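Geometric and topological summary
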Amino acid sequence: MTQIRKARNGVVTPAMQRVAEREGVESEFVRQQVAAGQAVIPANVHHDSLDPMIIGREFSTKVNANIGNSDTTSSIEEERRKLHVAVSHGADTVMDLSTGEDLDRIREDNVERSPVPIGTVPLYGALKQAGSPEDITPEILLSVIEKQAEQGVDYMTIHAGILMEHLPLTDGRVTGIVSRGGSILASWMEANGEQNPLFTHFEEICEIFAEHDVTFSLGDSLRPGSVADACDEAQYAELDTLGELTRVAWDHDVQVMVEGPGHVPMHKVAENVERQQEVCDGAPFYVLGPLVTDIAPGYDHITSAIGAAMAAEAGAAMLCYVTPKEHLGLPEEKDVKDGLAAYRIAAHSADIANDRPGARDWDDALSSARYEFDWREQFDLALDPERAREFHDQSLPGDNYKDARFCSMCGAEFCSMRIDQDARDGSERERNVEIPDLDESRAAEVNRPPVGTHDASAAADRIVERATGDD
Ligand code: SF4
């Protein structure tokens, strides 16, 4: 029985209890949100190493990291390393988008090692099996989906919303169809002259998902690939279909989240979120970026984190990170780390803006350490302690500078915080602030240091142990 079915039956599952503990809320509230389809707990019954988490607009904003190989780059060892980097740098879920060799082995490895939900796009496996888009059959699709469900994949992107009648709507686009899944299915429909098989076989997919408790991530095949194409007829026509499919999945007791764009200028980001929430009856919105400008290849973790923060403030529940390599090449370890840092910042900023309980405690603790010139505490509380310490020590490496009342930016004479403190000491002004105790904070785990929702050292140990066969 799926989490949503149990929630509808009034049962609070161990996964719901664990999620409530992590989010700092009542387990009954979690149950109600899951029962109403307003939040999902992606937790395949075969994923034994999972630490359950929740995705929904009433909970802390989550971040997904994509990893995976391609047919030109990466190996199973590299994928293993990327999974570790992703989890230890705060990814709440990880999508394996491998399209190269050893797909089954990499997926199995990821599920076995990962404490966070694993997502996949089964269409990629179907294409590898069929050899070309037009040779994919419904039988291949269903068998690949079933196999991945049996392997323990927690959620799958299913591109069921793109229909034959949507294809002409993309003719005037600057960047056509940019989703991999969308382009494969468009090619299939054109070659075979038939409707999208993921749409026509959607109920069979629901049955497989219900058996293993796999969560839908309904793919946005017609997401805009440039700001010029944002919010066009094609994008919104597909969204309407995704709304219909959401209700079909709910009828089968299957959890659903819905994927969103892409490339969207800043003034249209909130409109996208509001429209999805309305059309899909509040099913969690899982957005890729969106990139708010197209001009910065090499910096798209920044262009997209701006849009992601705005989307999360407007109600998006999970942000799919974009790395600096977007549009240019397959991300490597450093790209995964940089992308996650940008997205943790976006998610946390939105949680502050949305006044999530305790969300600002981390900020207040760090700011106080900063004002007190407690450099060691400031490094420890930083999103990326290693980088903060490294940057500071580049100009002032000596241990004595860890107690200094200045850094190299303004220097001793012009340090404004030192000047302010000295002025207070010589006047009546006092500093009356309450410094939060982070151990007592009501914040969700994602809003407390160290980075991420999982103990990075434990994740590392577990992965090393498994890699060396020590357990
Ligand atoms: S020197 Fe400037 S940047 Fe450095 S601590 Fe003082 S005020 Fe801040």
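Everything numeric here is computed off the predicted structure, so don't read it as measured data. (Residues numbered from 1 in each chain as written. Predicted model: local features only at pLDDT ≥ 70, side-chain atom pairs only at ≥ 80, totals over all residues. Heavy atoms only, no water.)

1. With respect to the overall build of the protein
We count it as follows: Secondary structure elements follow DSSP: runs of H or I of four or more residues count as helices, runs of E of two or more count as strands, with numbering from the N terminus. Restricting the calculation to C-alpha atoms gives the radius of gyration, and the globule rule supplies 2.2 Å times the number of residues raised to the power 0.38. Residue exposure (1.4 Å probe, protein chains only): buried if accessible area is under 20% of the type maximum, exposed if over 50%, otherwise partly exposed. Should any heavy atoms of two residues lie within 4.5 Å, those residues are considered in contact. For the area figures, the Shrake-Rupley method with a 1.4 Å probe applies, and any residue is considered shielded solely by the protein chains shown. In this charge count, Lys and Arg are treated as positive and Asp and Glu as negative; neither His nor the chain ends contribute. Charge positions come from single atoms, namely NZ of Lys, CZ of Arg, CG of Asp or CD of Glu.
Each helix and strand counted, the protein has 20 helices and ten strands in total. Taking 2.2 N^0.38 as the reference for a compact globule, 471 residues should give roughly 23 Å; the C-alpha atoms of the protein span a radius of gyration of 23 Å, in line with that estimate. Reported as C-alpha extents along the three principal axes, the dimensions of the protein are approximately 80 × 50 × 45 Å. Here the protein holds 471 residues, and 57% of them are scored as buried. A separation of at least 24 residues holds for 73% of the contacts in the protein among residues at least 6 apart in sequence. As presented, the protein carries roughly 19,700 Å² of accessible surface, and 48% of it is formed by carbon and sulfur atoms. Placing the 42 positive and 87 negative side-chain charges of the protein at their respective mean positions leaves the two points 4 Å apart.

2. Here we look at the domain arrangement of the protein
Frequently, the measure chosen for interface size is the accessible area removed from exposure when the parts meet. Let me state the cut-off plainly: The domain boundaries here were taken from an automatic or database domain assignment. Accessible area, probed at 1.4 Å, shrinks when two parts are joined; the buried area is that loss added up over both.
Per the domain assignment, the segments of the protein are domain 1 (3–354) and domain 2 (360–440). Between the C-alpha centres of domain 1 and domain 2 there is a distance of 39 Å. Counting residues at the interface gives six residues for domain 1, matched by six residues for domain 2. Of the roughly 470 Å² buried where domain 1 meets domain 2, counting both sides, 63% is carbon and sulfur surface. In terms of surface lost to domain 2, no three residues of domain 1 exceed K337, H348 and I352, which account for 68% of the buried area on that side.

3. As for the pairing of strand β4 (residues 93–96)
What counts here: Each pair of strands is called paired provided DSSP finds at least two bridges between the two strands. For a crossover, the right-handed case is the one in which the path from the first strand over the helix to the second runs clockwise, viewed with the strands pointing away from the viewer.
Residues T93 and M95 line one face of β4 and the alternating positions V94 and D96 line the opposite face, and both faces are buried. When strand β3 (residues 62–67) meets β4, the two strands line up parallel, connected through four bridges. Residue pairing for β4: N66 is matched across the bridge by M95. Relative to strand β5 (residues 118–120), β4 runs parallel, the two being bridged by three bridges. The residue bridging V94 from the neighbouring strand is I118, located in β5. Between the parallel elements β4 and β5, the chain passes through helix α5 (residues 103–113) in a crossover that is right-handed.

4. A look at the packing of helix α4 (residues 76–88) against α5
The axes of two packed helices give the description: the angle between them and the distance between them. Definition in use: Note on geometry: axes are C-alpha line fits, over the in-contact stretch for helices, and angles between N-to-C directions span 0 to 180 degrees. Between 65 and 115 degrees an angle is taken as roughly perpendicular, under 35 as roughly parallel, over 145 as roughly antiparallel, and anywhere else as oblique. Left-handed describes a crossing whose near helix is turned anticlockwise from the far helix by less than a right angle; the clockwise case is right-handed. Basically, the charged four are Asp, Glu, Lys and Arg, the nonpolar ten are Ala, Val, Leu, Ile, Met, Phe, Trp, Tyr, Cys and Pro, and anything else, Gly included, counts as polar.
One way to put it is that α4 packs onto α5 with a least axis distance of 10 Å and a crossing angle of 30°. By the angle between their directions, the pair α4 and α5 is classed as roughly parallel. Crossing handedness for the pair α4 and α5: right-handed. In contact with I76, E79, R80 and L83 of α4, α5 contributes R105, I106, D109, N110 and R113. For the contact of α4 with α5, the class distribution of residues is three nonpolar, one polar and five charged.

5. Some points on the site of the ligand
In plain terms, the rule: A molecule or strand has a residue near it when one of that residue's heavy atoms lies within 4 Å.
Around the ligand, a shell composed of F373, C407, M409, C410, C415, S416 and M417 is seen. Residue composition of the shell around the ligand, grouped by class: six nonpolar, one polar and no charged.

6. Re the side chain of R223
Residue placement: R223 occurs in the loop between β7 (215–218) and α11 (233–251). In contact with R223, other than residues within four places in its own chain, are R173, V178, S179, E238, P261, G262 and L288.

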